[in-house]
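Each chain is listed here by its residues.
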Amino acid sequence: MLICLQCSAENPNRNTDCQKCGASLKEHPCNQCGEMVQYGEAHCPHCGAIAGQILTVLVTVPVAVGPDGKPEQSFDPQGIKLYENFIDVGQRYQLLTPVEENPFVVDEVGEGEQIVLKSRVVDCQPLQPSVLKVLLSQQGDLLTQLPQMSDGEIMANDTWSSLNLPKAIIPYFRFPELMPKIPEVYDAWCDGDYGFVLMEDRSGWDVLADVLRDEGDSLPGLEMVFWINQLFQLWQQLSSAGCGKGLLMGQNLLVDEDQNIALEQIYANGGTPVSLEEFGSLLHGYFSPVPSAGEDLLAILQRAAQGEYQDVDDLFADIEDLVITVEEEGENFIIHEVDFEQIPDDVFAAIESGESAFKSEEVALSINPVTMPDVNVFDSEEVDDVPTAVLPMQLISLVDAGYTDRGGHRQHNEDFFGITTSVETHRNNHGKTIKAQGVYVVCDGMGGHAAGEVASQMGVKTLLEYFQIVMANRLPDKNTITEGINLANQKIYEVNQSNASSGSGRMGTTLVMMLVKDTTMAIAHVGDSRIYRVTRKNGLEQLTVDHEVGQQAILNGLDPTLAYARPDAYQLTQALGPHSSSYLQPDVAIFEIEEDCLILLCSDGISDNDFVEEHWQELLLPYVSSSQDVDRGLRKLMEAANEYNGHDNLTGVLVRLKVRPQIPLDVW
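Residues numbered from 1 in each chain as written. Predicted model: local features only at pLDDT ≥ 70, side-chain atom pairs only at ≥ 80, totals over all residues. Heavy atoms only, no water.

Draft legend 1. Focus on the overall build of the protein. Check the secondary structure of the protein and you find 19 helices and 25 strands. Within the protein, the proportion of its 668 residues that are buried is 52%. Residue pairs at least 24 apart in sequence account for 69% of intrachain contacts in the protein once pairs closer than 6 positions are excluded. Entry remark: accessible area of the protein is about 30400 Å², with carbon and sulfur atoms responsible for 46%. (Helix = DSSP H or I, 4+ residues; strand = E, 2+ residues; numbered from the N terminus. Buried < 20%, exposed > 50% of the residue type's maximum accessible area, 1.4 Å probe, protein only. Contact = heavy atoms within 4.5 Å. Areas by Shrake-Rupley, 256 points an atom, 1.4 Å probe, with all protein chains shown as cover.)

Next up, the structure:
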């Protein structure tokens, strides 16, 4: 089986092109020179650049280690069983450094059992699923059980034992919630007494100590708090599980592209846990040369190093005390009061003419008080009582994509979407911030081919024009948003009235909409189109509740099974257009963006049959990371949904929002 790298479709091994998207399964362009390179070639024959995916390989070698921590016998890394210049019998993973140049280095000495060697390889068969992936796909619920099992329980598990996997792989399955702070395991196997673990290569990432040394003069104080917060999260989770050793290794502490703390790999520390004093001493040594760290913060780290904190809760509380609490501003902004009966003539004129009356102007950065993400890292009741620092957030990235497809069984597309954004990027010595606003609308038309297309387009275009006008320096309030929806409804309703349409002949459309203004977002919906949010902390959340008979029955207290046994369960209770605005009750909600998130607005062609709920982990969650392309992710989602459902038109809008805490430099 061949997995297309463009659309993730499965293909027979005999195929030369993807049967789904048409991409070549034989060759690909070199990232360096652009010339075509055959899959299977480790290096480009035209420019010599590495042509495949680079991976880090760890090899566990059984060697007795003495009380002094040194091997009792010498070991020659060239003694590892290799297959020419490959580490596997299938000759898939080729060493980047030739065997004769000794490609392996000693990475660590194990606890009396083994040493670990490290090297780098290139995957010469990237279209083939890894052996590990195939094995795990056949094990049912084993992966979900591993985080709750101890190492001993895992090794004694008959199913695990049958997989013949190295013990070194276990920690990577124990902490799924730490992805992507820890690398993803790509493949693993045992070859005799040797264990091989392949993972994402992070050798080119920035090392935290280097960043602090080289950029310390320009790092804001909040950067220190943000990183220390993440470091102590990692310490609390890894150290208690016997995996904190890597936190004391300077080259293992990295900073990713989003300026988050990450680890190159996990190291087991055997029976010796990493203490809070050890970790505090390490952090004090790292941060003391940084001017913006401040005396108060360094004093806290010094107390941690001297063992003055009994637990990490007390340390977090002291760090939080350093942070300025920003007063709530939720009610202190200008409200755009819009009376439906008295909407200004210029607004109507702009909407009727189809010309945008929106004028691009510099928008002041909206600083909204929100809780610092992940400050409280414990699940115990005691931590719930610890005061939480309130920090303003700043938007550092906004990326979006939108696609629509008529589906496999429809002749026409009655869906319509629209996106309008304005993004300004600002950079200075203290980093990058952006000022942004966006309007995202998806409508699913109904009433027949011509009528459905008209209704959905009218809804989208009316709302885009309306909000480009009323979104000035602030996000509109709920009343203003509702008035805009009423305006779109009224326009469609008036067409129905003028055409003397009635019953099923009246055109209409569902609506899902999101407005973004810096670190605040508003959503609204009418009908059964949906909005989902994906975050690393909370996973998948459905932010809307379908306006349909079955859902209304559930809200009225009926058992869900009985509610959806009704023949009219999926009949809409609300839509834009069929009735006057006096019958319309759109749902509107406003949220602060407190952590990195991915927002999906979609028609029911995507959400039907629990498609999103079943596939969000592989099709949405990876795209919270900046390393993944949102446009490509949405295309893959659409293609998979078309395969899974395909009975209706499909439309999706995907928006990735990334935020960081913000604090004035003069605090530190």
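Draft legend 2. Quick peek at the pairing of strand β9 (residues 185-191). β9 sits mainly inside the fold: five of its seven residues count as buried. Pairing of β9 with strand β10 (residues 194-200), which is carried by six bridges, proceeds in the antiparallel orientation. Of the residues in β10, the one forming a bridge with Val 185 is Met 199. What sits between the antiparallel neighbours β9 and β10 is a turn of two residues, in which Gly 192 has the positive phi angle 65°. (Pairing = 2+ DSSP bridges.)

Draft legend 3. Representation of the packing of aromatic side chains. Overall, the coordinates contain nine aromatic pairs when judged by the stated rule. With a centroid separation of 6.5 Å and 75° between ring planes, the pair formed by Phe 232 and Trp 235 is classed as edge-to-face. Pair noted here: Phe 232 and Trp 235 are both in helix α7 (residues 221-240), with a separation of three residues, about one helical turn. Using a relative accessible area of 0% as the deciding quantity, one classes Phe 232 as buried. Pairwise contacts between aromatic rings join Tyr 93, Tyr 186, Trp 189 and Phe 196 into one cluster. We note Arg 533 situated over the ring of Phe 591; from NZ or CZ to the ring centre the distance is 5.2 Å. (Phe/Tyr/Trp six-rings, centres within 6.5 Å; stacked < 30°, edge-to-face > 60°. Lys NZ or Arg CZ within 6 Å of the ring centre and 35° of its normal.)

Draft legend 4. Structural detail: the nonpolar core. Counting 62 residues, the largest nonpolar core has Trp 160, Trp 227, Phe 232 and Phe 287 as its most contacted members. Ignoring any residue separated from it by four or fewer positions in sequence, one finds Phe 232 in contact with Leu 276, Phe 279, Leu 283, Leu 301, Val 312, Leu 315 and Phe 316. Membership of the second largest hydrophobic core comes to 29 residues, among which are Ala 455, Val 470, Leu 576 and Leu 584. (Core = buried A, V, L, I, M, F, W, Y, C linked by side-chain atoms within 4.5 Å.)

Draft legend 5. Just helix α6 (residues 208-215), in detail. Leu 208, Val 211 and Leu 212 are the residues of α6 that are buried. The arc that holds the buried residues of α6, viewed along the axis, is 95°, so those residues lie on one side. Residues Arg 213 and Asp 214 are exposed on α6 and point more than 90 degrees away from its buried face. (Arc of directions from axis to C-beta.)

Draft legend 6. Focus on the sheet that holds strand β13 (residues 261-263). Strand order across the open sheet formed by three strands is β11-β12-β13, with antiparallel pairing between neighbours. Strand pairing shows two members of the sheet lacking a second neighbour, β11 (206-207) and β13, which therefore form its edges. As paired elements, strand β12 (residues 253-255) and β13 share three bridges and run antiparallel to each other. The residue bridging Leu 253 from the neighbouring strand is Leu 263, located in β13.

Draft legend 7. Structural detail: the environment of Ala 575. Checked against the element boundaries, Ala 575 lands in the loop between α16 (560-563) and β23 (587-592). Judged by its relative accessible area of 14%, Ala 575 falls in the buried class. Distance from Ala 575 to His 547, taken between C-alpha atoms, is 8.4 Å for residues 28 residues apart in sequence. The residues touching Ala 575, leaving out its near neighbours within four places in the chain, are Met 446, Asn 489, Thr 509, Val 526 and Leu 584.

Draft legend 8. Structural context of the pattern of salt bridges. In this structure the tally under the stated criterion is 14 salt bridges. Across the salt bridge formed by Asp 123 and Arg 92, the nearest N and O atoms sit 2.8 Å from each other. Remark: Arg 92 occurs in the loop between β5 (53-62) and β6 (93-95) and Asp 123 occurs in strand β8 (residues 114-123); sequence separation between them is 31 residues. By relative accessible area, which is 7% here, Arg 92 ends up buried. Among the salt bridges present, the one from Arg 536 reaches Asp 596, with a minimum N-O distance of 3.8 Å. Highlighted residues: Arg 536 in the loop between β21 (530-535) and β22 (539-542) and Asp 596 in the loop between β23 and β24 (597-602), separated in sequence by 60 residues. On the basis of relative accessibility, which here comes to 33%, the residue Arg 536 falls in the partly exposed class. What emerges from the salt-bridge pattern is a single network uniting Asp 107, Lys 118 and Glu 264. (Salt bridge = Lys/Arg side-chain N within 4 Å of Asp/Glu carboxyl O.)

Draft legend 9. A look at unusual backbone geometry. Along the chain, Met 179 connects to Pro 180 via a cis peptide bond; the corresponding omega equals 5°. If you trace the backbone, Pro 180 turns up in the loop between α5 (170-174) and β9. Of note in the backbone geometry, Asn 102 takes a positive phi value of approximately 55° without being a glycine. At Asp 518, a position not held by glycine, the phi torsion is positive, near 55°. Inspection of the secondary structure assignment puts Asp 518 in the loop between β19 (511-517) and β20 (520-526).

Draft legend 10. Quick peek at the environment of Ser 529. Relative to the helices and strands, Ser 529 is located in the loop between β20 and β21. Taking the relative accessible area as the measure of exposure, Ser 529 reaches 0% and is therefore buried. Taking the C-alpha atoms as reference points, Ser 529 and Thr 510, separated by 19 residues in sequence, lie 6.3 Å from one another. Polar contacts involving the side chain of Ser 529 include one to the side chain of Thr 510, which spans 2.7 Å. (Polar contact = N/O pair within 3.5 Å; in protein donor to acceptor, adjacent residues only side chain to side chain.)

Draft legend 11. Quick peek at the state of the cysteines. Taken as a whole and judged by the stated rule, the model has zero disulfides. You can see Cys 30 has no disulfide; the closest cysteine sulfur is in Cys 47, sitting 3.7 Å from it. (Disulfide = S-S within 2.5 Å.)

Draft legend 12. Focus on the confidence of the model for the protein. Within the protein, residue pLDDT values average 81, and 82% of them lie at 70 or more. Every residue in residues 351-390 is under pLDDT 50, and counting partners more than four places away or in other chains gives 99 contacts. Contacts of residues 664-668 to residues separated by more than four positions or lying in other chains number 13 contacts, the stretch itself having pLDDT below 50. (pLDDT = per-residue confidence, 0-100.)

Draft legend 13. The arrangement of the packing of helix α18 (residues 611-619) against helix α19 (residues 630-644) in detail. Two elements in contact, α18 and α19, have axes whose closest approach is 11 Å; the angle formed by their N-to-C orientations is 145°. Here the hand of the crossing between α18 and α19 comes out right-handed. Mapping the contact onto sequence places Phe 611, Glu 614, His 615 and Leu 619 in α18 and Leu 637, Ala 640, Ala 641 and Tyr 644 in α19. Per-class residue counts for the contact of α18 with α19 are six nonpolar, one polar and one charged. (Axes fitted to C-alpha atoms, helices over the stretch in contact; angles between N-to-C directions. Left-handed = near helix turned anticlockwise from the far one by under 90°. Nonpolar A, V, L, I, M, F, W, Y, C, P; charged D, E, K, R; others polar.)

Draft legend 14. Examining the packing of helix α8 (residues 276-287) against helix α9 (residues 295-305) more closely. Running from amino to carboxyl end, α8 crosses α9 at an angle of 145°, the nearest separation of the two axes being 7 Å. In the crossing of α8 with α9, the sense of the turn from one axis to the other is left-handed. Here Leu 276, Glu 277, Gly 280, Ser 281, Leu 283, His 284 and Phe 287 of α8 come into contact with α9, specifically with Leu 298, Leu 301, Gln 302, Ala 304 and Ala 305. Here the residues of the contact of α8 with α9 sort into seven nonpolar, four polar and one charged.

Draft legend 15. Local environment of α8. In this model α8 runs 16 Å from its N-terminal to its C-terminal C-alpha over twelve residues, within 8% of the 16 Å that 1.5 Å per residue would give. Within α8, burial applies to Leu 276, Phe 279, Gly 280, Leu 282, Leu 283, Tyr 286 and Phe 287. Buried positions in α8, seen along its axis, are confined to an arc of 160° and lie on one side of it. (Expected span 1.5 Å × (residues − 1).)

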